Amino acid sequence: TLTFLFGERFVDSVQSLRILSAGFLFHTFTGVNGLLMMVIGMSGELMNIYIIGTVMNVIFNYILIKQSGMGINGAAYATVISYLVINTIISMRLYRKSRIHPFTPQYIKPVIGSVIVAIIIYVIAKSLPLYLWMLPVYFIIFLGGYGISLFVTRSLDAEDFSLLKAVFEKMGISTGWI
């Protein structure tokens, strides 16, 4: 996809993009914890954690890029390691202070559902030639599959249905089926 969208010049960056994508999945999964720390008044501690993470990132970048000669992949690994450490510390501090954590079934089930939908789309996409017009189609199929997985896994609760109902009513869509 990277070559298709941006050309042959970016072939060397494929591995580093894969590394960063894996790391940012974890960051996205636990990223809300930083916001929760700010909400409950732990912004000073959050800042200290990010300072430690930033210093770690600089040190890891120096070691992995300069000393080990890993180049762009070293930078990607340094960033991923820093995000893993930062988000792990934030999650642990938040849990110790307030017993809040994101790993509830209502949070995990949609993640598993979206992974399954993404794998199915990936398998289908690998068997077909890639054309630019297909990317929005894959995205729409993913959104539809994700929406279906939310209902199949019963990941939506009463508040979610109330919000959906309000949105659909604003759009002029009948909400009797909700």
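Residues numbered from 1 in each chain as written. Predicted model: local features only at pLDDT ≥ 70, side-chain atom pairs only at ≥ 80, totals over all residues. Heavy atoms only, no water.

Colleague: Looking at this model, I keep getting lost on the environment of L130. Mind explaining?
Modeller: Position of L130 relative to the elements: it lies in the loop between α6 (105-126) and α7 (134-152). Taking the C-alpha atoms as reference points, L130 and V167, 37 residues apart in sequence, are found 35 Å from one another. (Helix = DSSP H or I, 4+ residues; strand = E, 2+ residues; numbered from the N terminus.)

Colleague: Sorry, what's going on with α6 here?
Modeller: The α-helix winds at 3.6 residues per turn, so residues separated by three or four positions along the chain end up facing the same way. Here α6 is 22 residues long and its end C-alpha atoms lie 31 Å apart, about the 32 Å a rise of 1.5 Å per residue gives. Listed in full, the buried residues belonging to α6 are P110, G113, S114, V117 and I121. The arc enclosing the buried residues of α6, seen along the axis, measures out at 95°, which places them on a common side. Along α6, exposed side chains directed more than 90 degrees from the buried face belong to P105, Y122, V123 and K126. (Expected span 1.5 Å × (residues − 1). Buried < 20%, exposed > 50% of the residue type's maximum accessible area, 1.4 Å probe, protein only. Arc of directions from axis to C-beta.)

Colleague: What should I look at first to understand the packing of helix α3 (residues 32-39) against helix α4 (residues 43-67) in this one?
Modeller: Two measures define how a pair of helices packs: the angle their axes make with one another and the distance between the axes. Two elements in contact, α3 and α4, have axes whose closest approach is 7 Å; the angle formed by their N-to-C orientations is 140°. As far as their axial angle goes, α4 and α3 are oblique. Only S43, E45, L46 and I49 of α4 make contact with α3, whose side of the interface consists of G34, M37 and M38. Along the lines of polarity and charge, the residues of the contact of α3 with α4 split into four nonpolar, two polar and one charged. (Axes fitted to C-alpha atoms, helices over the stretch in contact; angles between N-to-C directions. Parallel < 35°, antiparallel > 145°, perpendicular 65-115°, else oblique. Contact = heavy atoms within 4.5 Å. Nonpolar A, V, L, I, M, F, W, Y, C, P; charged D, E, K, R; others polar.)

Colleague: Help me understand the pattern of salt bridges in this model?
Modeller: Any two side chains of opposite charge can pair, given that their charged atoms come close. Per the counting criterion, the structure on display carries one salt bridge. In this structure, R93 and E45 form a salt bridge, with 2.2 Å as the shortest nitrogen-oxygen distance. With R93 in helix α5 (residues 72-98) and E45 in helix α4, the pair connects residues that are 48 residues apart, well separated along the chain. (Salt bridge = Lys/Arg side-chain N within 4 Å of Asp/Glu carboxyl O.)

Colleague: What exactly am I supposed to notice about the environment of Y107 here?
Modeller: Residue placement: Y107 occurs in helix α6. Remark: the alpha-carbon pair of Y107 and G176, spanning 69 residues in sequence, is separated by 26 Å. Beyond its immediate stretch of four places on either side in the chain, Y107 contacts T28, F29 and P102.

Colleague: Sorry if this is basic, but what is going on with the packing of α3 against α5 here?
Modeller: α5 packs onto α3 with a crossing angle of 45° between their chain directions and a minimal axis gap of 9 Å. One way to sum up the angle between α3 and α5 is to call them oblique. Where α3 crosses over α5, the handedness of that crossing is left-handed. Together, N33, G34, L36 and M37 of α3 and I90, S91, R93 and L94 of α5 make up the contact between the two elements. Considering only residue class, the contact of α3 with α5 consists of four nonpolar, three polar and one charged. (Left-handed = near helix turned anticlockwise from the far one by under 90°.)

Colleague: Is there a simple way to think about the side chain of S155 in this case?
Modeller: Structurally, S155 is set in the loop between α7 and α8 (158-170). On the basis of relative accessible area, S155 is assigned to the buried category, the value being 4%. A polar atom in the side chain of S155 sits 2.5 Å from the side chain of T153. The residues touching S155, leaving out its near neighbours within four places in the chain, are Q106, K109, P110, L150 and D160. (Polar contact = N/O pair within 3.5 Å; in protein donor to acceptor, adjacent residues only side chain to side chain.)

Colleague: Can you walk me through the confidence of the model for the protein in this structure?
Modeller: Regions with low pLDDT carry predicted coordinates that are not meant to be interpreted in detail. Here the protein averages 87 in pLDDT, and 98% of its residues register 70 or above. When the elements of the protein are averaged for pLDDT, helix α1 (residues 2-6) gives the smallest value, 74, and α4 the largest, 95. (pLDDT = per-residue confidence, 0-100.)

Colleague: Please clarify how the nonpolar core should be interpreted in this entry.
Modeller: Soluble globular proteins tend to bury their nonpolar side chains together. Among the nonpolar cores identified, the biggest contains seven residues, and these are M37, M42, L46, I49, I86, I90 and L94. Elements with a contribution of two residues or more to this core: α4 and α5. The greatest single-element share of this core, amounting to three residues, is contributed by α5. Excluding residues within four positions of it along the chain, I90 makes contact with N33, G34, M37, L46, I49 and Y50. (Core = buried A, V, L, I, M, F, W, Y, C linked by side-chain atoms within 4.5 Å.)

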